[in-house]
Amino acid sequence: PWLLELIGAIATRKFTTDMHLVKSIRRVLERGDILCMYPEARYSPCGITSYMPDSVGALVKRAKVPVVTIVHHGNHLQSPFWNFRKPRKVPLHTVATKTLTPEDIERMSIDEINTHLRAALSYDDYQYQKDNGILITEPDRAEGMHKILYQCPHCMTESKMDSQGADIFCTACGKRWHWHEDGRLEATEGETEFDHIPDWFD
């Protein structure tokens, strides 16, 4: 924590009321500095947008300053939550958008602000992969995927999934899926219940 504070980070704990945090944010904005927030407050387990609390909209409404959203594409593909020890060769792309002006904030309700921000911060790294023709060619690309896809969609057994190389499989029923270089999942036999990793995760 001391190192984070030394470089200007405002540390807090999730899901707690923290008046020190609110005062620190106010102080940063009142002196005209830029405040950078991570509203999801966690790594994405499967490369899609995580939960954003309603309090973000309330903070924006109170602050009345311009809001810029920044979305990084490819981070999850390069170092997925379930296997970050073996980074892949994936191009990264960042989009910064001026999302709300003070005038927008003034006329919008907190619910409208939250809806607007959630849309602006929405992302799906696996769709980004497909849309941009990105190939992940590492032969062990699926290893660790069973940590998030832990329920077999064929036999519905939980915590019996495993992965090896480019395949994920159920040790209870034996069904296997191959993760292709273009990001598609495909059953080696029978029906492919989910060909998109976030759909299986959801």
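Residues numbered from 1 in each chain as written. Predicted model: local features only at pLDDT ≥ 70, side-chain atom pairs only at ≥ 80, totals over all residues. Heavy atoms only, no water.

## Remarks on the pairing of strand E3 (residues 161–164)
Step number 1: What you see with E3 is a clean split: Met161 and Ser163 sit on the buried side and Asp162 and Gln164 on the side with no burial.
Step number 2: Pairing of E3 with strand E4 (residues 167–170) involves 4 bridges; the strand directions are antiparallel. Pairing of methionine 161 across the sheet is with cysteine 170, part of E4.
Step number 3: Count of turn residues in the E3/E4 antiparallel hairpin: 2 residues, of which glycine 165 carries a positive phi of about 60°. (Buried < 20%, exposed > 50% of the residue type's maximum accessible area, 1.4 Å probe, protein only. Helix = DSSP H or I, 4+ residues; strand = E, 2+ residues; numbered from the N terminus. Pairing = 2+ DSSP bridges.)

## Side note on the sheet that holds strand E5 (residues 176–179)
As a general point, the strands of a sheet are linked pairwise by backbone hydrogen bonds and lie either parallel or antiparallel.
Step number 1: The strand order across the open sheet built from 4 strands is E3-E4-E5-E6, with neighbouring strands paired in antiparallel fashion. The open sheet has two free edges, formed respectively by E3 and strand E6 (185–187), since each of these has just one partner strand. When the angles between neighbouring strand axes are averaged without regard to direction, this sheet yields 25°. (Axes fitted to C-alpha atoms, helices over the stretch in contact; angles between N-to-C directions.)

## Topic: the packing of aromatic side chains
Step number 1: Scanning the model with the defined rule gives 4 aromatic pairs in all.
Step number 2: For the ring pair tryptophan 82 and tryptophan 179, a centre distance of 6.0 Å and an interplane angle of 65° mean the geometry is edge-to-face. One end of the pair, tryptophan 82, is in the loop between helix H4 (75–78) and strand E2 (93–100); the other, tryptophan 179, is in strand E5, with 97 residues separating them in the sequence. For the residue pair tryptophan 82 and tryptophan 179, the accessibility class agrees, reading buried in each case.
Step number 3: The rings of Trp82, Tyr126 and Trp179 are connected pair by pair, giving a single aromatic cluster. (Phe/Tyr/Trp six-rings, centres within 6.5 Å; stacked < 30°, edge-to-face > 60°.)

## Thoughts on a nonpolar patch on the surface
Step number 1: A contiguous nonpolar surface patch, about 640 Å² in accessible area, is contributed by Trp2, Leu3, Leu4, Leu6 and Ile7.
Step number 2: Here isoleucine 7 is to be found in the loop between helix H1 (2–6) and helix H2 (19–30).
Step number 3: Here isoleucine 7 falls in the exposed class, since its relative accessible area comes to 66%. (Patch = residues over 30% accessible without salt bridge, like charges linked within 9 Å, V, L, I, M, F, W, Y side chains within 5 Å. Areas by Shrake-Rupley, 256 points an atom, 1.4 Å probe, with all protein chains shown as cover. Salt bridge = Lys/Arg side-chain N within 4 Å of Asp/Glu carboxyl O.)

## What to know about the environment of glutamate 189
Step number 1: Locating glutamate 189 in the fold gives a position in the loop between E6 and helix H8 (197–201).
Step number 2: For the pair glutamate 189 and arginine 176, spaced 13 residues apart in the sequence, the C-alpha separation amounts to 7.4 Å.

## A closer look at the nonpolar core
Considering soluble globular proteins, one finds that nonpolar side chains tend to be buried as a cluster.
Step number 1: Core analysis: the biggest nonpolar cluster contains 23 residues, and Met145, Leu149, Ile168, Trp177, Trp179, Leu185 and Ile197 have the highest contact counts within it.
Step number 2: Secondary-structure elements contributing two or more residues to this core are helix H7 (125–131), E4, E5, E6 and H8.
Step number 3: The contacts of methionine 145, once residues within four sequence positions are left out, are Trp82, Ser163, Ile168, Trp179, Leu185 and Ile197.
Step number 4: Formed by 12 residues, the second largest nonpolar core is a distinct cluster that contains Val56, Val71, Leu117 and Leu121. (Core = buried A, V, L, I, M, F, W, Y, C linked by side-chain atoms within 4.5 Å. Contact = heavy atoms within 4.5 Å.)

## Describing unusual backbone geometry
Step number 1: Unusually for a residue other than glycine, lysine 64 sits at a positive phi of about 55°.
Step number 2: You can see lysine 64 is positioned in the loop between helix H3 (55–63) and strand E1 (67–73).
Step number 3: Unlike most non-glycine residues, methionine 156 shows phi in positive territory, near 70°.
Step number 4: Examined against the element boundaries, methionine 156 turns out to sit in the loop between H7 and E3.
Step number 5: Looking at methionine 156, the relative accessible area reads 49%, which means it is partly exposed.

## Thoughts on the environment of arginine 184
Step number 1: Mapped onto the elements, arginine 184 comes out in the loop between E5 and E6.
Step number 2: A residue is classified by how much of its surface remains accessible, and arginine 184, at 34% relative accessible area, is partly exposed.
Step number 3: In sequence terms arginine 184 and asparagine 83 are 101 residues apart; their C-alpha atoms lie 18 Å from each other.

## Regarding the side chain of serine 24
Step number 1: Looking at where serine 24 falls in the secondary structure, it is placed in helix H2.
Step number 2: What makes serine 24 buried here is its relative accessible area of 7%.
Step number 3: Only 2.9 Å separates the side chain of serine 24 from the backbone oxygen of histidine 20, close enough to count as a polar contact. (Polar contact = N/O pair within 3.5 Å; in protein donor to acceptor, adjacent residues only side chain to side chain.)

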